[in-house]
Amino acid sequence: MISIFDIAIKDLMQLLRDFKTFMFLLLMPILFTLLFGYAFGGFGGGEGGDARLPVGFLNEDERWVSEALHDLLTDSEIIRLRENSSLSASALDLMVAEGELAAALIIPSGYGKEILSDKNARLIVIADTNTSAWKTIEAELLSITSRLDGAARTATIMDKYAGERIPFKYGFDQTLEAWQEPPISIVETTSSAVKETDDGIASLAHTSPGMMLQFAIAGLLTAASVIVTERKSRTLQRLLTTSVKRIHILLGHYLATFILIFTQFTTLILFGHFFLKINYLRVPEATFLVAFCSALCIAAIGLLIGVIAKDEEQAVSFSLIPMFVLSGLGGAWVPLEFTGETFRAIGHISPIAWAMDGFKNISVRGFGFDSVIIPAVVLTTYATVFFLLSLWRLNATEES
Amino acid sequence: MTNSLAIEVLNLHRSFGNTKAVQGAKFDVKEGEIFSLLGPNGAGKTTTISMLSCLLHPDEGDARIMGYSIKDNPMGVKSVLGVVPQEIALYEDLSARENLTFWGKMYGLRGGALKKRVNEVLDVIDLHDRAKERVSKYSGGMKRRVNIGVALLHKPKVIYMDEPTVGIDPQSRRNILDSVVALKDQGMTVLYTTHYMEEAQELSDHIAIMDHGKMIANGTHDELVKLVGGQTRIDLTLNVEAGIVQEIWKNTDGVSQVSAENGLITVLVEDSNQALPLLFESATKHEARITSVDILEPNLEAVFLHLTGRALRD
Ligand SMILES: Nc1ncnc2c1ncn2[C@@H]1O[C@H](COP(=O)(O)OP(=O)(O)O)[C@@H](O)[C@H]1O
Ligand SMILES: [Mg+2]
């Protein structure tokens, strides 16, 4: 058993002596994240870099006041409205439950009338009220509705005294305008999933997890080459002449590459959090659980490739396929949010899609720890399958 | 040397596709002896060693190492075994000491015992001075020495050395050959493969000659040489005409033939150790001085030629 650790330590010693490994694993990803993030933010803007929280919207009220509310919401820096008149309240409910939307907002018919008649106007909100995303949205909604409410009241009062000279609608619009800068900003006092929505940063929020995974999955080449080098230097054969069990040899190499990839994740998460202001550490245990399981999975894929590949060339070409297919499918390049339903479903064949979900659920979508449990379980399952496959393959191949 | 067997090879066969790499390898190695497998490249030596190390499954046959069957108890086999592979099997970016320490752990050594043993092995392979350098900076001979050192760490009962002296400088070669004899002195059993007949001759208690996957001869050096029916040839020169001396030598015990040509006298004898003193004695008696002697013992090269019709180094 202890030989597992001896082998892992030996592997890490070898890898760390190679400056190229170090460059490749840590410096390159940091540079690329910056480069791509700003390039993306620079010409992409708009949707591509939108990190606002997706909120479903359904307007059942015809009054113009409700329209005004809609416009305020559209301009929000916190909320991104997802409007689709064909969606019913129950469809929205489902989308919130599945995490596709951070919340859904329904303006019931009569809302405008109630607001204008100074009654207690009520909006219908569908959300998981335990998430901090909800707290952020709630604060924003309160801020917006109080502006609307305030404008309505002021306009009503003005109407009472100057009804003939100023049309009500004009008074309302003017007041609303004047309230554009609300005296108290609730948003800034709440913990928010997306602290800053500056374009560059917003696009980084999407590119950072993708970049991180892109480079982590490149780590599978490192994992594969550890095995291939071991075979090429004939030390694998020599290990097989000692009493060390095959599964321990494999676990040793697995542990080393896992540690390497996990360290890479940790560095990039900390870098992303503190320098790029991406909110990875909002729920640190969740982000690190996703990183842990992603590293397990990627290291296992690398191990399998290493066991199958005959030489370094094969290891490289075998690694390129999963590197591109898995990260492409998994949304490391183009976030799956911006692709169609079908592609998103297919994409989830890739463990990378689950890793992306896990990271973004915390850093972008503002969900809680629970939201990463399923991604973590899926990633761990993938890892187990790949590890068992490599063990089976190593046992099946005779070493000579 | 006891009489119990360290290695029993029972009719091993192994093919790679159409290549019959080993066809019926069969030999016994006694505990505490040096046994050489001698054969040209491609004879099947490495394939045999790989089967005996449980790295390759035999198609047919079995072998027992210190009583453990390679088929039924590979873990038992591995526990008594040290293997020096033909290809250098080391971590080039680690130092000699780091390599030895790592492999020591793989053989189950820990802590103080491991450190002590690594130092001992560094002494044996004579690399204490440069133990901290990366193996990649070593010469071929130094790498070979580390390659051997690794297999000695756990003081195995049986050690296989597969062509450990290929392509190295004379000094490293000497060091290696000396250490093989030292291993035997410590009571280890050594199975040594080589295509250098001088090495087989110098080191071995028993030698098996392999060719095209088959064992073509097996015995002590002397037994093998007798197969050629060969006698030792002694080439001599004298400070006088051969004349009478030549006639007298013809009638000396153990001498079967004497001929002279251009001042060089060629004598065929059964045993040079017995015959030479007699030759000197009779030369002195007739006031002739022997000015040069060249003993050409029949060798394994001749045996191989005799058995296969080819030279060993083809
Ligand atoms: N893994 C292998 N695959 C195919 N052929 C092999 C393999 N290993 C050895 N051979 C063949 O088996 C024969 C014996 O090889 P080997 O045992 O390496 O000989 P030696 O060690 O005496 O030089 C050679 O013809 C060699 O080409
Ligand atoms: Mg060989």
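Residues numbered from 1 in each chain as written. Chains lettered and ligands numbered in written order. Predicted model: local features only at pLDDT ≥ 70, side-chain atom pairs only at ≥ 80, totals over all residues. Heavy atoms only, no water.

Q: For this particular structure, what's the right way to read the sheet that holds strand β5 (residues 68-69) of chain B?
A: Strand pairs in the sheet, formed through backbone hydrogen bonds, run parallel or antiparallel to each other. All names here are of chain B. Within the open sheet, the four strands sit side by side as β2-β1-β4-β5. Their pairing is antiparallel. A strand with exactly one partner marks an edge of an open sheet, and here the two such strands are β2 (19-30) and β5. Here strand β4 (residues 60-65) runs beside β5; their pairing, made up of two bridges, is antiparallel. The residue bridging Ile-65 from the neighbouring strand is Tyr-68, located in β5. Contacting β1 (5-16), β2 and β4, helix α1 (residues 45-52) runs over the sheet at an angle of about 120° to β1. (Pairing = 2+ DSSP bridges. Helix = DSSP H or I, 4+ residues; strand = E, 2+ residues; numbered from the N terminus. Contact = heavy atoms within 4.5 Å. Axes fitted to C-alpha atoms, helices over the stretch in contact; angles between N-to-C directions.)

Q: I tried to follow the interface of chain A and chain B on my own but got confused; where do I start?
A: Interface size is commonly expressed as the accessible area that is lost once the parts come together. Residue-level contacts link 24 residues of chain A with 30 residues of chain B. Summed over both partners, the interface of chain A with chain B comes to about 2,500 Å²; 59% of that surface belongs to carbon and sulfur atoms. Inspection of the region where chain A meets chain B yields two salt bridges. Here Glu98(B) and Arg17(A) are joined by a salt bridge, their closest N and O atoms 2.6 Å apart. The interface formed by chain A and chain B includes 10 residue pairs in polar contact (both at pLDDT 80 or more). Per-element accounting of the side of chain A that touches chain B gives the leading share, eight residues, to helix α1 (residues 2-17) of chain A. (Buried area = accessible area lost by both parts, 1.4 Å probe. Salt bridge = Lys/Arg side-chain N within 4 Å of Asp/Glu carboxyl O. Polar contact = N/O pair within 3.5 Å; in protein donor to acceptor, adjacent residues only side chain to side chain.)

Q: So what exactly am I meant to see when it comes to the packing of aromatic side chains here?
A: Aromatic ring pairs: the centre-centre distance and the angle between the two ring planes describe each pair. Scanning the entire structure with this criterion turns up 12 aromatic pairs over all chains. Where Phe258(A) meets Phe262(A), the ring centres are 5.7 Å apart and the plane angle is 15°; that geometry is what we call stacked. Of this pair, Phe258(A) and Phe262(A) both sit in helix α10 (residues 246-274), four residues apart, which is roughly one turn of that helix. Take Phe258(A): its relative accessible area is 10%, and that puts it in the buried class. The class for Phe262(A) is partly exposed, based on a relative accessible area of 21%. We note Arg238(A) situated over the ring of Trp103(B); from NZ or CZ to the ring centre the distance is 5.7 Å. (Phe/Tyr/Trp six-rings, centres within 6.5 Å; stacked < 30°, edge-to-face > 60°. Buried < 20%, exposed > 50% of the residue type's maximum accessible area, 1.4 Å probe, protein only. Lys NZ or Arg CZ within 6 Å of the ring centre and 35° of its normal.)

Q: Got a minute to help me understand the domain arrangement of chain A in this structure?
A: Residue and element names in this part refer to chain A. For chain A, the assigned domains are domain 1 (2-42 + 198-399) and domain 2 (53-193). With 10 residues of domain 1 at the interface, the matching set in domain 2 holds 10 residues. Among the residues of domain 1 in contact with domain 2, Arg-365, Gly-366 and Phe-367 are the three that bury the most area, contributing 48% of the side total. Taken together, the links from domain 1 to domain 2 amount to zero salt bridges. Inspection of the region where domain 1 meets domain 2 yields zero residue pairs in polar contact (both at pLDDT 80 or more). (Domains from an automatic or database assignment.)

Q: Where do I start with the pattern of salt bridges in this structure?
A: Working definition: two side chains of opposite charge can pair if their charged atoms are close together. One pass over the full model with this rule turns up 17 salt bridges over all chains. A salt bridge links Asp11(A) to Lys10(A); its shortest N-O distance comes to 2.7 Å. Take Asp11(A): its relative accessible area is 2%, and that puts it in the buried class. You can call Lys10(A) buried: its relative accessible area is 2%. Here Glu120(B) and Arg117(B) are joined by a salt bridge, their closest N and O atoms 2.8 Å apart. On the criterion of helical spacing, the pair formed by Glu120(B) and Arg117(B) is a turn pair, its members being three residues apart in helix α4 (residues 111-124). Among the residues examined, Glu120(B) registers a relative accessible area of 26% and is labelled partly exposed. Judged by relative accessible area, which is 12%, Arg117(B) ranks as buried.

Q: Even after reading the chapter, I still don't get the coordination of the magnesium ion (ligand 2), so can you show me in this structure?
A: Reference geometry at the metal: tetrahedral coordination by four donors gives ideal angles of 109.5 degrees; octahedral coordination by six donors gives 90 or 180 degrees. All names here are of chain B. For the magnesium ion (ligand 2), the full set of protein donor atoms is Thr-46 (OG1) and Gln-86 (OE1), at a range of 1.9 to 2.1 Å. A residue pair is termed long-range when its members are at least 10 positions apart, and Thr-46 in helix α1 and Gln-86 in the loop between β6 (81-84) and α3 (96-106) qualify at 40 residues. Using a relative accessible area of 32% as the deciding quantity, one classes Thr-46 as partly exposed. (Donors = N, O, S within 2.8 Å, 3.2 Å for Na, K, Ca; no water.)

Q: Is there a simple way to explain the site of ligand 1 in this structure?
A: Inspection of the region around ligand 1 gives 12 residues, with Gly42(B), Gly44(B), Lys45(B), Thr46(B) and Thr47(B) positioned closest. More than one chain approaches ligand 1, the contributing ones being chains A and B. In the model, an oxygen atom of ligand 1 is placed 2.7 Å from a nitrogen or oxygen of the Gly42(B) main chain. Here Gly44(B) contributes a backbone N or O atom positioned 2.9 Å from an oxygen atom of ligand 1. Here ligand 1 loses 63% of its free accessible area of 560 Å² to cover by the protein chains. Counting residues per element, the ones that place at least two in the shell around ligand 1 are β2 and α1 of chain B. The element that contributes the greatest number of residues to the shell around ligand 1 is α1(B), accounting for three residues. (Near = heavy atom within 4 Å. Areas by Shrake-Rupley, 256 points an atom, 1.4 Å probe, with all protein chains shown as cover.)

Q: Can you help me understand the sheet that holds strand β13 (residues 264-269) of chain B in this one?
A: Residue and element names in this part refer to chain B. Ordered by their spatial adjacency, four strands build an open sheet running β12-β13-β11-β14, and the pairing between neighbours is antiparallel. In this open sheet, the two edge strands, each paired with only one partner strand, are β12 (255-261) and β14 (290-296). Pairwise comparison of adjacent strand axes, ignoring direction, gives a mean angle of 20° for this sheet. Two elements, strand β11 (residues 232-238) and β13, share five bridges in a ladder whose sense is antiparallel. Among the inter-strand pairings, Leu-236 is bridged to a residue of β13, identified as Ile-265.

Q: Which parts of the structure should I look at to understand the pairing of β4(B)?
A: A regular strand places its side chains on the two faces of the sheet in alternate fashion. All names here are of chain B. Relative to β4, β1 is paired through five bridges, and the arrangement is antiparallel. Within β4, the position partnered with Leu-10 by the bridge is Asp-62. Between β4 and the antiparallel strand that follows it, β5, lie two residues; Met-66 among them carries a positive phi value of about 45°.

Q: Hey, could you run me through the state of the cysteines in this one?
A: Working definition of a disulfide: a covalent bond connecting the sulfur atoms of two cysteines. Counted by the stated rule, this structure contains zero disulfides over all chains. Of the cysteine sulfurs around Cys297(A), a residue in no disulfide, the closest is that of Cys293(A), at 9.2 Å. (Disulfide = S-S within 2.5 Å.)

Q: I would appreciate a short explanation of the pairing of strand β3 (residues 34-38) of chain B in the present structure.
A: Residue and element names in this part refer to chain B. Within β3, five of the five residues are buried, leaving the element largely enclosed by the surrounding structure. Going residue by residue along β3, you find Ile-34, Ser-36 and Leu-38 tucked away on one face and Phe-35 and Leu-37 tucked away on the opposite face as well. Bridge count for β3 against strand β8 (residues 189-194) is five bridges, and the pairing is parallel. Its bridge partner being in β8, Leu-38 is matched across the sheet by Thr-194. As defined by bridge partners, β3 adjoins strand β9 (residues 206-211) across four bridges and the pair is classed as parallel. Within β9, the position partnered with Ser-36 by the bridge is Ile-207.

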